[in-house]
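# Summary of structural features
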Amino acid sequence: MPSTFRGENVVFAVRDEIGEVIGFSWVVLFDPGTGLEGEVAEVYVSPEHRGRGVGEMLMQQAVRLFRERRVTLGYVWTRPDNEAAVRLYQSAGFEHNRQLVLTWYPTEQLGPT
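Notes on the structure in this doc start here. (Residues numbered from 1 in each chain as written. Predicted model: local features only at pLDDT ≥ 70, side-chain atom pairs only at ≥ 80, totals over all residues. Heavy atoms only, no water.)

The subject of this paragraph is the pattern of salt bridges. Enumeration over the complete set of coordinates arrives at three salt bridges. Residues Glu68 and Arg64 are paired through a salt bridge, measuring 2.7 Å at the closest nitrogen-oxygen approach. Of the two residues, Glu68 and Arg64 are both situated in helix α1 (residues 54-68); the distance of four residues between them amounts to about one turn of the helix. Taking relative accessible area as the criterion, Arg64 reaches 32% and is therefore assigned partly exposed. In this structure, the salt-bridge partner of Asp81 is Arg79, at a minimum N-O distance of 3.1 Å. Judged by relative accessible area, Arg79 falls into the exposed class, the value being 51%. (Salt bridge = Lys/Arg side-chain N within 4 Å of Asp/Glu carboxyl O. Helix = DSSP H or I, 4+ residues; strand = E, 2+ residues; numbered from the N terminus. Buried < 20%, exposed > 50% of the residue type's maximum accessible area, 1.4 Å probe, protein only.)

As structure tokens, then:
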């Protein structure tokens, strides 16, 4: 059966006055067959530029892209103890959800069987 999954990567960057990248975000758009979804897969701001609105600019661009492309579900992952990231994502309109996410990790080294 052919796969219906397709995706697109979009990277936004913020440069300082001399052209160096001081922050970037990586956004993934994909359609698993139920409508276009978007994930903010990564947001990074160099430590010396944090607290200056760079992260907010990056998140605004991600949300703008979601709106322009008519994303039906957008999300971002972080740990609850990453308070700065939680504040950033909430300021961009992301909310906690009711979904419980469980993960599986191998308990032993995987190798040839």
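With that out of the way, let us pick up the packing of aromatic side chains. For the coordinates displayed, the defined rule picks out four aromatic pairs. Ring centres 6.0 Å apart and planes at 40 degrees place the aromatic pair Phe24 and Tyr44 in the tilted group. Taken together, the positions of Phe24 in strand β2 (residues 21-31) and Tyr44 in strand β3 (residues 37-45) put the pair 20 residues apart, joining distant regions of the chain. Seen from their ring centres, Phe66 and Phe94 are 6.5 Å apart, and the 65 degrees between their planes marks the pair as edge-to-face. A residue pair is termed long-range when its members are at least 10 positions apart, and Phe66 in helix α1 and Phe94 in the segment after α2 (83-91) qualify at 28 residues. Judged by relative accessible area, which is 10%, Phe66 ranks as buried. (Phe/Tyr/Trp six-rings, centres within 6.5 Å; stacked < 30°, edge-to-face > 60°.)

Our focus in this paragraph is unusual backbone geometry. Even without being a glycine, Arg70 presents a positive backbone phi close to 60 degrees. You can see Arg70 is positioned in the loop between α1 and β4 (73-76).

Take the side chain of Asp31 next. Along the chain, Asp31 falls in strand β2. Within the local environment of Asp31, its side chain forms a polar contact with the backbone nitrogen of Gly33, the two atoms lying 2.7 Å apart. (Polar contact = N/O pair within 3.5 Å; in protein donor to acceptor, adjacent residues only side chain to side chain.)

Right, let's get into the nonpolar core. The biggest cluster of nonpolar side chains holds 23 residues, and the ones touching the most others in it are Val27, Leu29, Val40, Tyr89 and Phe94. Only β1 (6-15), β2, β3, α1 and α2 provide two or more residues apiece to this core. At seven residues, the largest contribution of residues to this core is made by α1. Residue contacts for Val27: discarding those within four places in its chain leaves Glu8, Asn9, Val10, Phe12, Glu39, Ala62, Leu65 and Phe66. (Core = buried A, V, L, I, M, F, W, Y, C linked by side-chain atoms within 4.5 Å. Contact = heavy atoms within 4.5 Å.)

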